[in-house]
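# Structural description and commentary
Each chain, letter by letter, is given below.
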Amino acid sequence: MTAIETSERRTGPRHYFGGRVGRQRQAVVGVYLAALALCVVDVLTNPSTTFISVIWSLLSLSVVSAVAAYGQTVIVLIGGLDLSIPYVMTVAAVILTETSHGTAASDVLGVVLALGAGLLVGILNGVGVTLLKLPAVVMTLAMNVILEGAVLVATNGTPTGQVPGGLVSLMTARGIGGMPTSVWVLVGIAVIGIALLRGTVLGRRLYGTGSNSLAARYSGISVTGTTIRVYAIGGLCSALAGILLAAFAGQSYLGMGDSYLLPSIAAVVIGGTAVIGGRGGYEGTLGGVLFLTSIGFVLSGPSSDAIKMIVFGGAIIISAILFNRATDREPS
Amino acid sequence: MNVLTGVPRPASVLTAVTRPTSGSRRHTYVGPCVVLVILIILYVVRTPDALSSISILTLVNDSAVVALAAMGEAIVLVVGGFDLSVGAVLSLINVVLATHFAIAGQGTVAPVLVGLVIGLFAGLINGLLVSVGRIASVVVTIGTSFVFSGVALLVQPTAGGIVSQSFINQLTGSIGGVIPDAAVIMAVIAVGWTWVRRTRFGAVVYAVGNDSDAAVTAGLRVAAVRVGAYGLAGLCYGAAAIFLTAQTGSGDPNVGGPLTLSVFAAAVVGGVRLGGGQGYVPAAIAGAFILSLIGDVLFSFGVSSFYTNVYTGAVLIAAVLISSTRFLPALRAVRNAINRWRKVAV
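Just so it is clear, the structure is predicted and the values come from calculations on it, not from any experiment.

## Focus: the overall build of chain A
Secondary structure summary: chain A contains 14 helices and zero strands in total. Taken from the N to the C terminus, the helices and strands of chain A come in the order α-α-α-α-α-α-α-α-α-α-α-α-α-α. For a compact globule of 332 residues, the expected C-alpha radius of gyration is about 20 Å, and chain A comes in at 20 Å, within 12% of that figure. Here chain A holds 332 residues, and the buried ones make up 55% of them. With an accessible surface of roughly 13,100 Å², chain A has 68% of that area assigned to carbon and sulfur atoms. With 17 positive and 12 negative side-chain charges, chain A shows a spacing of 15 Å between the two charge centroids.

## Some points on the interface of chain A and chain B
If you look at the interface, chain A gives 51 residues, while chain B gives 55 residues. Across the chain A/chain B interface, buried area totals approximately 4,800 Å², and carbon plus sulfur atoms make up 73% of it. One can count zero salt bridges joining chain A with chain B. At the surface where chain A touches chain B, the tally comes to zero residue pairs in polar contact (both at pLDDT 80 or more). With 13 residues, the top contributor of residues to the side of chain A that touches chain B is helix α6 (residues 136-155) of chain A. Residue composition of the side of chain A that touches chain B, grouped by class: 33 nonpolar, 11 polar and seven charged.

## Quick notes on unusual backbone geometry
Phi at Lys133(A) is positive, roughly 55°, even though this residue is not glycine. Note that Lys133(A) resides in the loop between α5 (104-130) and α6.

## Describing a nonpolar patch on the surface
All names here are of chain A. Side chains of Val-29, Leu-33, Leu-36, Val-40, Leu-44 and Phe-51 sit close together on the surface and give an oily, nonpolar patch of about 550 Å² of accessible area. A per-element tally of the nonpolar patch places helix α2 (residues 21-45) first, with five residues. For Leu-44, the position within the fold is in helix α2.

## Concerning the nonpolar core
One finds Phe291(A), Met186(B) and Phe264(B) to be the most contacted residues of the largest nonpolar core, which totals 200 residues. The leading source of residues in this core is helix α3 (residues 51-77) of chain A, at 16 residues. Every residue in contact with Phe291(A), bar those within four places of it in the chain, is listed here: Val31(A), Ala34(A), Ala35(A), Leu38(A), Ile270(A) and Ala315(A).

## Considering the environment of Arg46(B)
Residue and element names in this part refer to chain B. One can find Arg-46 in helix α3 (residues 30-46). Between the C-alpha atom of Arg-46 and that of Leu-298, which follows or precedes it by 252 residues, the distance is 9.9 Å. Leave out the neighbours within four places in its chain, and Arg-46 touches Ser-300 and Phe-301.

## What to know about the confidence of the model for chain A
Per-residue confidence for chain A gives a mean pLDDT of 85, with 90% of residues at or over 70. Predicted confidence is poor over residues 326-332 of chain A, with pLDDT under 50, and the contacts of this stretch with residues over four places away or in other chains come to 39 contacts.

## A word on the side chain of Ser252(A)
Residue and element names in this part refer to chain A. Along the chain, Ser-252 falls in the loop between α11 (223-249) and α12 (261-270). One polar contact links Ser-252 to Thr-97, side chain to side chain, over a distance of 2.8 Å. Apart from the residues within four sequence positions on either side, Ser-252 is in contact with Ala-93, Val-94, Thr-97 and Pro-159.

## Quick look at the pattern of salt bridges
Residues and elements named next belong to chain A. Evaluated as defined, the whole model comprises one salt bridge over all chains. Ionic pairing is found between Arg-198 and Glu-283, a salt bridge with its closest N-O pair at 3.1 Å. With Arg-198 in helix α8 (residues 182-199) and Glu-283 in helix α13 (residues 282-298), this pair connects stretches of sequence that are 85 residues apart. Note on Arg-198: relative accessible area 32%, which makes it partly exposed. Judged by its relative accessible area of 27%, Glu-283 is partly exposed.

## Section: the packing of aromatic side chains
All names here are of chain A. Tallied over the entire structure, the rule returns five aromatic pairs over all chains. Between the aromatic rings of Tyr-70 and Tyr-282, the centroid separation amounts to 4.8 Å while the plane-to-plane angle is 85°, which identifies the pairing as edge-to-face. Taken as a pair, Tyr-70 in helix α3 and Tyr-282 in helix α13 lie far apart in primary sequence, 212 residues in all. Note on Tyr-70: relative accessible area 3%, which makes it buried.

About the thresholds
Residues numbered from 1 in each chain as written. Chains lettered and ligands numbered in written order. Predicted model: local features only at pLDDT ≥ 70, side-chain atom pairs only at ≥ 80, totals over all residues. Heavy atoms only, no water. Helix = DSSP H or I, 4+ residues; strand = E, 2+ residues; numbered from the N terminus. Rg over C-alpha atoms; globule rule 2.2 N^0.38 Å. Buried < 20%, exposed > 50% of the residue type's maximum accessible area, 1.4 Å probe, protein only. Areas by Shrake-Rupley, 256 points an atom, 1.4 Å probe, with all protein chains shown as cover. Lys, Arg positive; Asp, Glu negative; His and termini not counted. Charge placed at Lys NZ, Arg CZ, Asp CG, Glu CD. Contact = heavy atoms within 4.5 Å. Buried area = accessible area lost by both parts, 1.4 Å probe. Salt bridge = Lys/Arg side-chain N within 4 Å of Asp/Glu carboxyl O. Polar contact = N/O pair within 3.5 Å; in protein donor to acceptor, adjacent residues only side chain to side chain. Nonpolar A, V, L, I, M, F, W, Y, C, P; charged D, E, K, R; others polar. Patch = residues over 30% accessible without salt bridge, like charges linked within 9 Å, V, L, I, M, F, W, Y side chains within 5 Å. Core = buried A, V, L, I, M, F, W, Y, C linked by side-chain atoms within 4.5 Å. pLDDT = per-residue confidence, 0-100. Phe/Tyr/Trp six-rings, centres within 6.5 Å; stacked < 30°, edge-to-face > 60°.

Right, here's the structure in full:
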């Protein structure tokens, strides 16, 4: 590996946003195909299930991860990393259940307060990263720990209250043709999320800042403003994921978001978004989420958790090599 | 480019070849040591029997796992990486020792060797994927942490197992009832690193951490040095896991998970800079003791242990702010603002 070789390999046909587009798209399609293949394997090994029911359960089980992973995607795209997802989710869920008392007004208030808390934490993360110039890892890790302590002190360890009935039925009910209503949430986040990244000024600024913040600044983009907005979106997504998870579980409890952090980063990586920022998008991340969820379908037996984790890890490393071999070098 | 900050660094051969030991010149360990001394004084004043040999042994043993692992994390940070797999490596070694090697009739040498070898092996895998596989270290270590945790779950699905008493006694005791064994292990690694840093290899580790492009241009063997650094880090994790096994006396496939944060925090509080090239690795020991002493000191002032996490987070942010080069200008700006305000007020 010499410097000259490196620079040659890094100049290929580039998309406007960077990345070598053909191979990138192929790999993203490959992630979706892998998820689909795992579903087919599941149908073939379990004769009692039908293909469509497997697809519906795959989609509905992916909703919470997909929302959390959107926040992670935008923050990784701008060159950061969000380690505060677990406790932003928990805080939002706790606020929701503590506020909601079964009346429509308190339900709405609970959702608004929970989302507001997520937004606030996101803005604080963004301010820490931009104005205090803290590394994103430190800022969000510390934020996660502080929130963990805060929610422990505020609830004495056992949150109380209930989840609004409307949210519970949104996450658990089934509509026409056995389609879970929660799939609409997934469709919504995918459409709005991809539109935000690909079709808005903020999306353009995000990619610009993520690929080269200095160039972005010279082009007149407010890097600080963009970064804070992106972290705010990340906080909002984590809070929404927490609300949806509370609706899914029917309650809130400490540590409920813990198992969503590493898979969110894994989904981003498997979906082909470069951890140095600027390359990739939510199309890939969503495929990564579906892939990670579908792995659980084909594994059963006493050691399935262990094998699932090994496959997760292998998938992360292999896809990182496939996607990023030439571009996503070890940072210096 | 730096994955943690997104800040591109100027590539210059000069940086690599003229500042290979900037870590030792910047004296990043002074701040943490001062904080540690203040905390020790507060702790001794507020806690009765603080200086009895049994309280010292307890304090050292409670901090030793994090301190040993944090030195490994510090080596990875210095070479410009970031290791999220610490907890998983600790869990893996812990269950392997508790189920196969640290049991009655196996002695102490075998489990120690096996623990170090697994740690070294895990570190080398991380290092090879980072340098030869050319994947960012965050991604590599998240991936391998899944794999190591999965293997740990395969080895021992649930917590349990009994570690032999002689193994526990030999590691958690103290020499002559005065010097804790853990302190000796930490001192050995600290002295070892101080020697390694003076070698050619050590200088290149700092050069790679400072600016790997420049190090490549200067003809240094960046890939090999990076693998070596991750391997050394793995040895530290091995030592930490051996001690962890003796300390807990059993195996638990999930024991390491919560430790990743403390290990990382200890390295950063010890003044090791994120992004590489700066920091004195043994200062991570000071970082680990700061984190555990702050809890004890605040508790002695009547602060509920419920707040442990809140101040751990606050200390982490404060440590990075203070160690970053932007802190002094920021402080100066605040002082100027206060002076202006005073003039107006007067």
